[in-house]
Amino acid sequence: MDQETFEVMWEMSDPAADTEGLFLRATQTEYYCDERPRPHPLESMPDFKYLPESSLILGTKTGLTFTTLNIDTPVYLNYLLSRFLGRGGSIPADDTPVHAVVVCAGIDARFLGGVEDPDIYPIRGQTVLARAPWIRFGKMMSSSDGLWTYIIPRRSGDVIVGGIKVSDDWFPTPRAETTLDILTRGLALCPELVPAEIRDKREPTVNDLLPLIIEEGCGLRPARKGGIRLETEWFADHRRNRKVPVIHNYGHGGAGFQSSWGSASMALKLLEAAIAVNGGEAELVAPLEGTKKEESLGLVRGVSH
Ligand SMILES: Cc1cc2nc3c(=O)[nH]c(=O)nc-3n(C[C@H](O)[C@H](O)[C@H](O)COP(=O)(O)OP(=O)(O)OC[C@H]3O[C@@H](n4cnc5c(N)ncnc54)[C@H](O)[C@@H]3O)c2cc1C
């Protein structure tokens, strides 16, 4: 999934592509606090190299460098929406009759009527968005206390500094003490965040980062016990006497961007197979096995074809 997604995005980020502006291609350097098994899954990335021991940060045991792409996510998501609408997609009212449903509800798959997946749980993240257009590289470091610190540059010149990963924490707004911790770790990993004219004169401090802050952010990674749910479930639409395929495509945790195109193409295959079975408009000749009461998907769940 990740490989297919990378190939799609690599093409989209090509300097000749009209979508290039959504991405920043940049060198990424990663330091891990443990020995990583070889071959490393990232060995297929452009310009991949293991760092020599002499280049490792204190407390880390493996270092990698490669070229990757960084997404300007707010711009990218708006691009996807405009592409969807531009190709005839629409956002229908709730009770519009449908031939199929693809569930990409993220964390809401836990609460969405008819889905209500109890295996969905949040892994809370928190970040700081800073203005630092001089940063044109990405960095990541894992530490033995389980923390991951990262610097993600965006094409716009904004930089994401992160982060944390806390399971089952639903807290909806940034915590001030976490912001301070992120800035402290971010500065240690990447002193270049502080403008060169300050670093030329003295040791940079966290206070030097404060004027660069655009906003603090937090979000809930939609994790799922058992991993991503990619499967077809059949529901009965008694109003139209039809059975309707529901394709589940959720539970991507902290990797929903990097697996998105690969995951979508698997969901599309499921959808095409379901429509082939269903003929698009198969009649509901008998109640579906395991049928439940009508739920807010507007359909009744079943488990058979
Ligand atoms: C701090 C942080 C850092 C991250 N970093 C990375 C990273 O570096 N790389 C990476 O790949 N991923 C990263 N992620 C994870 C990534 O954001 C998620 O995996 C991804 O957003 C999941 O995509 P999704 O479409 O499944 O769910 P979401 O992005 O949550 O989208 C689900 C959408 O469905 C909508 N929705 C829900 N219910 C309904 C309904 N009934 N009707 C209509 N719409 C509905 C919601 O409003 C929402 O817009 C990060 C996440 C966080 C919080």
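Throughout, residues of each chain are indexed from 1 in the direction in which the sequence is written. Restriction of local features to residues with pLDDT of at least 70 applies here, the model being predicted, together with a cutoff of 80 or more for giving and counting side-chain atom pairs; totals for whole chains, interfaces and linings are based on all residues. Side-chain measures were taken over the full set of non-hydrogen atoms in the model, leaving aside hydrogen atoms and water.

- The protein appears in an unreviewed UniProt entry as FAD dependent oxidoreductase domain-containing protein from Jaapia argillacea MUCL 33604.
- UniProt positions are given in the numbering used here, feature names are shortened, and annotations may be inferred rather than shown by experiment. Looking at the protein in UniProt, the text filed under Sequence similarities (unreviewed entry) is "Belongs to the DAMOX/DASOX family."
- Its UniProt record, at the heading Cofactor (unreviewed entry), says of the protein: "FAD".

Topic: the nonpolar core
Then, number 1: Definition of nonpolar core: a set of buried residues of the types Ala, Val, Leu, Ile, Met, Phe, Trp, Tyr and Cys, connected through side-chain atoms within 4.5 Å. Using a 1.4 Å probe on the protein chains alone, a residue whose accessible area is under 20% of its type maximum counts as buried, one over 50% counts as exposed, and one in between counts as partly exposed. Of all hydrophobic cores here, the largest spans 21 residues; its most connected members are Tyr31, Ile135, Ile151, Val159, Val161, Leu193 and Leu209.
Then, number 2: Only β5 (120-131), β8 (158-162) and α3 (176-189) provide two or more residues apiece to this core.
Then, number 3: Labels follow the DSSP assignment, with helices taken as runs of H or I lasting at least four residues and strands as runs of E lasting at least two, numbered in each case from the N terminus. Sort the elements by how many residues they give to this core and α3 lands first, with four residues.
Then, number 4: Whether two residues touch is decided by their heavy atoms; if any such pair falls within 4.5 Å, the residues are in contact. Excluding anything up to four places from it in sequence, Leu209 contacts Leu183, Leu187, Leu193 and Val194.
Then, number 5: In this structure, Met45, Leu129, Tyr150 and Ile160 belong to the second largest nonpolar core, which totals 17 residues.

Digging into the UniProt feature "domain: FAD dependent oxidoreductase" (unreviewed entry) in the protein
Then, number 1: Annotation from UniProt places "domain: FAD dependent oxidoreductase" (unreviewed entry) at residues 97-266.
Then, number 2: Across residues 97-266, the secondary structure splits into 15% helix and 38% strand, with the terminal C-alpha atoms separated by 24 Å.

Some remarks on the site of the ligand
Then, number 1: The nearness test applies per residue and asks whether one of its heavy atoms lies within 4 Å of the molecule or strand. Neighbouring residues of the ligand: 17 residues in total, closest Gly253, Gly254, Gly256, Phe257 and Gln258.
Then, number 2: In the analysis that follows, any N or O atom pair within 3.5 Å is treated as a polar contact, provided that within protein one partner can donate a hydrogen and the other can accept it, and provided that, for residues neighboring in sequence, both atoms belong to side chains. A distance of 3.1 Å is found between a nitrogen atom of the ligand and a backbone nitrogen or oxygen belonging to Gly254.
Then, number 3: The backbone of Gly256 places a nitrogen or oxygen atom 2.8 Å from an oxygen atom of the ligand.
Then, number 4: Reported accessibility uses the Shrake-Rupley method at a 1.4 Å probe radius. Residues are deemed covered only where the shown protein chains occlude them. Coverage of the ligand by the protein amounts to 54% of the 1000 Å² it exposes when considered alone.
Then, number 5: Here the element with the most residues in the shell around the ligand is strand β10 (residues 213-224); it accounts for four residues.
Then, number 6: When its residues are assigned to classes, the shell around the ligand shows seven nonpolar, eight polar and two charged.
Then, number 7: Domain start and stop points were drawn from an automatic or database domain assignment. Taken domain by domain, the shell around the ligand gets at least three of its residues from each of domain 2 (92-119 + 226-302) and domain 3 (120-224). Each residue receives one of three labels: charged for Asp, Glu, Lys and Arg, nonpolar for Ala, Val, Leu, Ile, Met, Phe, Trp, Tyr, Cys and Pro, and polar for the others, Gly being one of them.

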